[in-house]
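Structural features, examined
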Amino acid sequence: MPVGSLTEVPLSGDTDMPVNALVANVHGTYYATTSKCTHYGLSLTKGILTDEGRLYCPFHGACYKVMTGDIEDAPALEPLKTFEVKVEDGKVYIFVDYEALNQSNWKPCKHSSSQSRSGPHTVFVGCGAVTLHAVQEMRRCGYEGRITVLTAEPYPTIDRPRLSKAYAPELKHALVRDESFWRETLDVDLRLSNYVYAIDTNMKRLSIRGGNTVIYDNLVLATGSVPRRLPIEGANAKGVYVLRSLDDAQSITKALKKRPSPELVIIGTGFIGLEMGIALAKHAKVTLLGQTHVPLEGPLGRSVGGGLQTAIMNERPLRFLNAVDVVRIETDMNNHVRGVVVQPRARGSPELFLNADLVLMSTGAKPATEFLRNSPSFPDLRADGSVEVDSALRVIGLQNVYAGGDIAAYPSDTGVVRIEHWNVACNHGRDIGRTLATGKLHPYRHVPVFWSGLTSPLRYAGTGVGYNQMHVDGEPDEAEFIAYYAKDDRVIGVATMWKDPMMVQAVALMRAGKMPKLSVIAAGLDIMTLTTRPTRKL
């Protein structure tokens, strides 16, 4: 095993599930962990091992420290388990405690009464990815105070990225952690279907619909976003759907199953619209409407977006209408959608009528911060409705109040950004949770990662906001490529398809400040040949 390599080792023994070990050689020292990522249980054997001993999952960007198994980056849910390693006579031995291997990483921490806990009372508004990862990190780091979670939804954290990949899952399959885990293992006062409508930051008091109030010492705002509906005639007609919650997804599935071969029009050719079109093409006749010349033209560029449209159409019977504006949604006598009227942007083109039994508006989202407008003591929101935070995710102008996920506008190398990615929300939560548990600020320094199911998995690292140069290696129309996005020769985003593990290699290089300039990459440099080892000064 050369330095920097990984080797998977099958383990025998009485375990509930087959478990393998993954041995890593970091500068001549051997470490062994379990071999599957704790996010979706996928293999880490083709991941990227950095010189610092960070191990990246090649699929969704989760990262672990092989020395300890600890999580370095989301969306990992639990640390990896580690094994004792010894080297004798040139052989590497792994010592496995099979009883410990069968045990959960989490030990219940519930007290006889959560009200009896000493220390500060931390209240979360929202129960998505930010809250889950924050609370887990708080308890892992030994936080002894009370934790209350208020969510308007009737269930705790669901795996929201799954909602656009297929028919809606059942609740039990959508939950990331069930209620028992929240209440018993994390010792959280979990209050479902509790809508917060105002905050008094002077009195440190939350007002809940129904008349109740909650007092906090620390407050974390993590309410996510709400889907936008186009301000057009028929936007709220029967049969017009948006997608955000599990209820939304289940309503769409139920409606599709009522008809043998429904005509579905999806307004929007961003990632969610494309994912839904691909997932539902086997159940409906799907037409996708987009304002741009090709899908994903903004984030990925015209050449990549056009190539992906070709690749998608080669695998799915989808119809695309690009460069059109939606004029109105027409309804029948029962106010149920019967069609969509669009106006092509080509000069002189007449309006077109498209038959539709169902319409899905995938036209973006906005921060779910309307309740903060009812809170006079809360700082002014940004123009897009987001909350501005500092590098440690503290709300600007307030003490002991944090915000993360879709609602947070935070400083980055490319300016203040707001990113609606699951991975970003998870990492926001981890950093907030560590700050609250330790009392030490943890400036947010993670490289954003997201993934999308576009017949083949598309993976993306970085922000890419404001790129003015790009270089593509491969064939987007064959769904196999790597695309680099740069601003003034500095690479700020990387998109890949069927190029694993190049995306996480890009993450490792970006984090270490070792990503080459675009001009060097375009000249033929393979980033897989690079390491994150610090440059030695002569």
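The model shown is predicted, which means the values in this text are computed figures rather than measured ones.

**Quick look at the overall build of the protein**
When helices and strands are counted, the protein shows 11 helices and 35 strands. Taken over the C-alpha trace, the protein has a radius of gyration of 24 Å; the compact-globule value for 538 residues is 24 Å, and the two agree within 12%. Taking the principal axes of its C-alpha atoms as reference, the protein extends roughly 80 × 60 × 50 Å. Of the contacts made within the protein by residues no fewer than 6 positions apart, 57% connect residues no fewer than 24 positions apart. Total accessible area computed for the protein in this model is approximately 24100 Å², and 48% of it derives from carbon and sulfur atoms. Separation of charge centres in the protein, based on 59 positive and 56 negative side chains, amounts to 3 Å.

**Some details on the nonpolar core**
Counting 50 residues, the largest nonpolar core has Trp-182, Ile-199, Leu-206, Leu-219, Leu-221 and Val-387 as the members making the most contacts within it. Considering every element that reaches this core, the biggest residue donor is helix α2 (residues 129–140), with 4 residues. Grouped together as the second largest cluster of nonpolar side chains are 43 residues, Ile-158, Val-304, Tyr-460 and Ala-495 included.

**With respect to the packing of aromatic side chains**
Using the criterion set out here, one finds 6 aromatic pairs in the structure. A centroid spacing of 4.9 Å and a plane angle of 75 degrees characterise the contact between Phe-271 and Phe-450, whose relative ring orientation is edge-to-face. Taken together, the residues Phe-271 in helix α6 (residues 271–280) and Phe-450 in strand β31 (residues 449–454) connect sequence positions 179 residues apart. The residues Phe-271 and Phe-450 share a single accessibility class, namely buried. Plain terms: the ring middles of Tyr-410 and Tyr-444 are 5.1 Å apart, the flat faces sit at 75 degrees to each other, and that makes the pair edge-to-face.

**As for unusual backbone geometry**
Note the cis peptide between Ala-74 and Pro-75, where omega equals 10 degrees. Counting through the fold element by element, Pro-75 comes out in the loop between β7 (71–73) and β8 (82–88). Here Asp-500 and Pro-501 are connected by a cis peptide whose omega angle stands at 5 degrees. Note that Pro-501 resides in the loop between β35 (490–497) and α10 (502–512). We note that Leu-393 has phi near 70 degrees; this positive angle belongs to a residue other than glycine. Structurally, the position occupied by Leu-393 is in the loop between β27 (387–388) and β28 (401–403).

**Description of the pairing of strand β23 (residues 337–344)**
Moving residue by residue along a regular strand, the side chains alternate between the two faces of the sheet. Across the 8 residues of β23, 6 count as buried, placing the element largely inside the fold. Taking the residues that link successive antiparallel strands as the turn, the strand β22 (residues 324–331)-β23 hairpin has 5 residues, and the phi of Asn-335 there is positive, at about 60 degrees. By the bridge criterion, 4 bridges tie β23 to strand β24 (residues 352–355) in an arrangement that is antiparallel. Residue pairing for β24: Val-340 is matched across the bridge by Leu-354.

**Overview of the state of the cysteines**
Applying the stated criterion across every chain yields a total of 0 disulfides. You can see Cys-57 has no disulfide; the closest cysteine sulfur is in Cys-37, sitting 4.0 Å from it. We note that Cys-426 lacks a disulfide partner, and the nearest cysteine sulfur, in Cys-37, lies 11 Å from it.

**Focus on the domain arrangement of the protein**
Many authors give the size of an interface as the accessible area that is lost as the parts come together. Once the domains are mapped, the protein shows domain 1 (5–102), domain 2 (122–224 + 368–438), domain 3 (235–363) and domain 4 (464–529). Using C-alpha coordinates to define each centre, domain 1 is positioned 28 Å away from domain 4. Of all residues in domain 1, Ile-48, Tyr-56 and Pro-58 bury the most surface against domain 4, accounting for 59% of the area lost on that side. The interface formed by domain 1 and domain 4 holds 0 salt bridges in total. At the junction of domain 1 and domain 4, the tally comes to 0 residue pairs in polar contact (both at pLDDT 80 or more). Considering only residue class, the side of domain 1 that touches domain 4 consists of 5 nonpolar, 2 polar and 2 charged.

**Some points on the sheet that holds β24**
The strands making up a sheet are joined through hydrogen bonds of the backbone, oriented either antiparallel or parallel. The antiparallel open sheet is built from 3 strands, whose spatial order is β22-β23-β24. The open sheet terminates on both sides in strands that have one partner only, identified here as β22 and β24. When strand polarity is set aside, the average angle formed by the axes of neighbouring strands in this sheet is 30 degrees. Two strands pair when backbone bridges link them, and β22 and β23 are joined in this way by 7 bridges, in the antiparallel orientation. Counted as the bridge partner of Glu-330 is Gly-339 from β23.

**Considering the environment of Ala-508**
Considering the arrangement of structural elements, one finds Ala-508 in helix α10. The spatial distance from the C-alpha of Ala-508 to the C-alpha of Cys-63 is 9.8 Å, given a sequence separation of 445 residues. The contact partners of Ala-508, leaving out residues within four places of it in the chain, are Thr-50, Tyr-56 and Thr-532.

**As for α10**
Across the 11 residues that make up α10, a large majority, 9, are buried. Within the span of α10, buried status applies to Met-502, Met-503, Val-504, Gln-505, Ala-506, Val-507, Ala-508, Leu-509 and Met-510. Against β4 (48–49), β5 (54–56), β31, β32 (456–462), β34 (480–487) and β35 lie the buried residues of α10. Immediately beyond the C-terminal end of α10, within one or two residues, lies Gly-513, with a positive phi of roughly 70 degrees.

**Description of a negative patch on the surface**
Together, Asp-473, Glu-475, Asp-477, Glu-478, Glu-480 and Asp-526 make up a region of like negative charge exposed at the surface. Within the secondary structure layout, Asp-477 lies in the loop between β33 (469–475) and β34. Overall, the relative accessible area of 35% leaves Asp-477 in the partly exposed class.

**Some points on the environment of Asp-217**
Take Asp-217: it is sitting in the loop between β15 (213–215) and β16 (218–221). Leaving out residues up to four positions away in the same chain, Asp-217 has contacts with Pro-120, His-121, Lys-204 and Asn-400. A polar atom in the side chain of Asp-217 sits 2.7 Å from the backbone nitrogen of His-121.

Rules used throughout
- Residues numbered from 1 in each chain as written.
- Predicted model: local features only at pLDDT ≥ 70, side-chain atom pairs only at ≥ 80, totals over all residues.
- Heavy atoms only, no water.
- Helix = DSSP H or I, 4+ residues; strand = E, 2+ residues; numbered from the N terminus.
- Rg over C-alpha atoms; globule rule 2.2 N^0.38 Å.
- Contact = heavy atoms within 4.5 Å.
- Areas by Shrake-Rupley, 256 points an atom, 1.4 Å probe, with all protein chains shown as cover.
- Lys, Arg positive; Asp, Glu negative; His and termini not counted.
- Charge placed at Lys NZ, Arg CZ, Asp CG, Glu CD.
- Core = buried A, V, L, I, M, F, W, Y, C linked by side-chain atoms within 4.5 Å.
- Buried < 20%, exposed > 50% of the residue type's maximum accessible area, 1.4 Å probe, protein only.
- Phe/Tyr/Trp six-rings, centres within 6.5 Å; stacked < 30°, edge-to-face > 60°.
- Pairing = 2+ DSSP bridges.
- Disulfide = S-S within 2.5 Å.
- Domains from an automatic or database assignment.
- Buried area = accessible area lost by both parts, 1.4 Å probe.
- Salt bridge = Lys/Arg side-chain N within 4 Å of Asp/Glu carboxyl O.
- Polar contact = N/O pair within 3.5 Å; in protein donor to acceptor, adjacent residues only side chain to side chain.
- Nonpolar A, V, L, I, M, F, W, Y, C, P; charged D, E, K, R; others polar.
- Axes fitted to C-alpha atoms, helices over the stretch in contact; angles between N-to-C directions.
- Patch = residues over 30% accessible without salt bridge, like charges linked within 9 Å, V, L, I, M, F, W, Y side chains within 5 Å.

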